[in-house]
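Structure assessment
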Amino acid sequence: MHIHILGICGTFMGGIAAIAKQAGFTVTGSDANVYPPMSDELRALGIKLHQGYDAKQLDIKPDLIVVGNVMKRGMPVIERMLNDDLPYVSGPQWLEEHYLKGRRVMAVSGTHGKTTTSSMLAWILEKNGLNPGFLIGGMPGNFSVSARSTPSPWFVIEADEYDCAFFDKRSKFVHYHPRALIINNIEYDHADIFENVGQIERQFHHLVRTVPSEGLIVAPSDDKCVDDALSMGCWTPVIRVGEGAELRGRALKPDCSRFEVLEKGIKACEVEFSCNGEYSMHNAIMAMACARYAGISLKESANALSSFVLPKRRMELKGTVNGVEVYDDFAHHPTAVRVTLHGLRERAGRDARVIAVFEPRSNSMKMGANADKLPQSFEDADEAFIYAPDGVRWNTDALNCGKIHVRHDLDSLIEDVAAKCAPGTKVLAMSNGSFGNFHQKLLQRLKDAN
């Protein structure tokens, strides 16, 4: 079968392309911006890429068109697809119908921590000889690819609640039919498609409905929104993680890079790894609990996590100049900003100087959803900068007081951050985009000042 993927260079659709090619399908695709590194990865797999969304690309007559959720009505290729009555599906539906059937899917969902937790779970399975396939929405540190197909029945997938396509407004994850499901947390996000958190909870309930009674759900013990979703109906055993739950962690180092796992109050194992922060400990225990569904003990999971490497753009050190460390992180929601900063603070110590730099780039943050929660997210920073270029549709200047500084120009942002950087400073830049190459520009500015 020849599939043609529209919007192929996104992480999710690029992952589908890689899996389909490895599974024996003929794969081509197009995107508005065909550029590295995804374009290089796809071409290395022998996938032909087309630049743009013109109608003529469909002259190749694929057997099926797989439509990414960046595609919209009015695009020439979409109008031809509909007018010519060509067969098409969304990416999640293609996975459901052509790849995931017969596999033992382990899905990792939640507002925060999906990429890290799914990377942890995939690595635990890998280190214990299960050779899992996976599709992860980032670049896992322990693998050279974000998606792969293997002969193993085990498949780990990052399960996103965003919608599927212009013609399928259900959350992607309803197509995955997992045997084991992690729900890390639920908060209000994706304000461009959800009006309130209740709508998001309803989508998670639809996901829960697909998990068999002989499967497993791993959920936190202290998340009201998760409880609300499960209270709508749950037919699957649930293991809780957190305070007062069957499984919980107890830090052995202040930054949680070493902790013990308690099962019903009794020490089950000890984990020491390269991650830090309570949120990393939480993610790890969620992955360990889920891995037991595949027959892997908590101790075996702990051994695997000792060699775990965080995915790209998760507290990634981009460089050090004159004693100033510059970190990159994907955090794009106030809660993620808060816990990421807290993790850095715990690792660096209370006396270290920490500067937070945040770009409200997600659709939700551009619209101002959760903006009222942003100031307290910077609690662990000595100084905080918000970069608000054109496209941010709320009054960010209202936050411009005290230790919070709002800037609308990238060059002035770099100058002002550099001026605050004494030796020993930790700069944490957070965005779900490229941030205008802020990290390298700041490092170069610091070098020039030497």
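All of the points below concern the structure found in this document.

**Quick notes on the overall build of the protein chain**
Within the protein chain, the regular secondary structure consists of 14 helices and 23 strands. Rg of the C-alpha trace for the protein chain: 22 Å, near the compact-globule value of 22 Å for 450 residues, within the 12% margin. Along the first, second and third principal axes, the C-alpha atoms of the protein chain reach 60 × 55 × 40 Å. Taking all 450 residues of the protein chain together, 57% fall into the buried category. In the protein chain, of all internal contacts separated by at least 6 residues, the share reaching a separation of at least 24 is 63%.

**Overview of the sheet that holds strand β1 (residues 2-6)**
The strand order across the open sheet built from five strands is β3-β2-β1-β4-β5, with neighbouring strands paired in parallel fashion. Each edge of the open sheet is held by one strand with a lone partner, namely β3 (48-51) and β5 (88-90). In this sheet, adjacent strand axes meet at a mean angle of 25° when their direction is disregarded. Bridge count for strand β4 (residues 64-67) against β5 is three bridges, and the pairing is parallel. Each residue of the ladder has a partner; that of Val66, found in β5, is Val89. Packing of helix α1 (residues 11-22) onto the sheet brings it into contact with β1, β2 (26-31) and β4, and relative to β1 it is tilted by some 170°. The sheet contacts of helix α3 (residues 76-83) involve β1, β4 and β5, and relative to β4 the element is tilted by about 135°.

**Details of the sheet that holds strand β19 (residues 324-329)**
Backbone-to-backbone hydrogen bonds join strands into a sheet, with any given pair of strands oriented parallel or antiparallel. In spatial order, the strands read β18-β19-β23-β20-β21-β22; together these six strands make up an open sheet with mixed pairing. One side of each edge strand has no neighbouring strand; the edge strands of this open sheet are β18 (316-321) and β22 (404-407). Here the average twist between neighbouring strands, direction ignored, is 20°. Contacting β19, β20 (354-358) and β23 (426-430), helix α10 (residues 334-348) crosses the sheet at an angle of about 160° to β23. On the sheet, helix α13 (residues 410-419) packs against β20, β21 (383-387), β22 and β23 and is oriented at approximately 170° with respect to β21.

**Some thoughts on the packing of aromatic side chains**
Within this structure, the stated rule accounts for eleven aromatic pairs. Ring geometry for Tyr99 versus Phe155: centroids 5.5 Å apart, planes at 70°, classification edge-to-face. Remark: Phe155 occurs in strand β9 (residues 154-158) and Tyr99 occurs in the loop between α4 (91-98) and β6 (104-109); sequence separation between them is 56 residues. Across this residue pair, the class does not change: Tyr99 and Phe155 are buried. On the numbers, 5.7 Å between centres and 70° between planes, the contact of Phe259 with Phe273 is edge-to-face. Here the residue Phe259 occupies a position in strand β16 (residues 258-263), and Phe273 occupies one in the loop between β17 (266-272) and α8 (278-291), the gap between them amounting to 14 residues. As far as the burial class goes, Phe259 and Phe273 line up, both buried. Counting every residue linked through ring pairs, the aromatic cluster contains Tyr88, Phe166 and Phe167.

**Topic: the pairing of β6**
Along β6, five of the six residues are buried, which leaves the element largely enclosed by surrounding structure. Pairing geometry for β6 and β9, over five bridges, is parallel. In the sheet register, Val105 faces β9, and the bridge partner there is Phe155. For β6 and strand β12 (residues 180-183), the ladder comprises four bridges, and the chain directions are parallel. Its bridge partner being in β12, Ser109 is matched across the sheet by Ile183.

**Details of α3**
Taken together, the buried positions of α3 are occupied by Val77, Ile78 and Met81. End-on, the buried residues of α3 take up no more than an arc of 100°, which puts them together on one face. Buried residues along α3 sit against β1, β4 and β5. Positive phi shows up at Asp85, right after α3, with a value of about 55°.

About the criteria used
Residues numbered from 1 in each chain as written. Predicted model: local features only at pLDDT ≥ 70, side-chain atom pairs only at ≥ 80, totals over all residues. Heavy atoms only, no water. Helix = DSSP H or I, 4+ residues; strand = E, 2+ residues; numbered from the N terminus. Rg over C-alpha atoms; globule rule 2.2 N^0.38 Å. Buried < 20%, exposed > 50% of the residue type's maximum accessible area, 1.4 Å probe, protein only. Contact = heavy atoms within 4.5 Å. Pairing = 2+ DSSP bridges. Axes fitted to C-alpha atoms, helices over the stretch in contact; angles between N-to-C directions. Phe/Tyr/Trp six-rings, centres within 6.5 Å; stacked < 30°, edge-to-face > 60°. Arc of directions from axis to C-beta.

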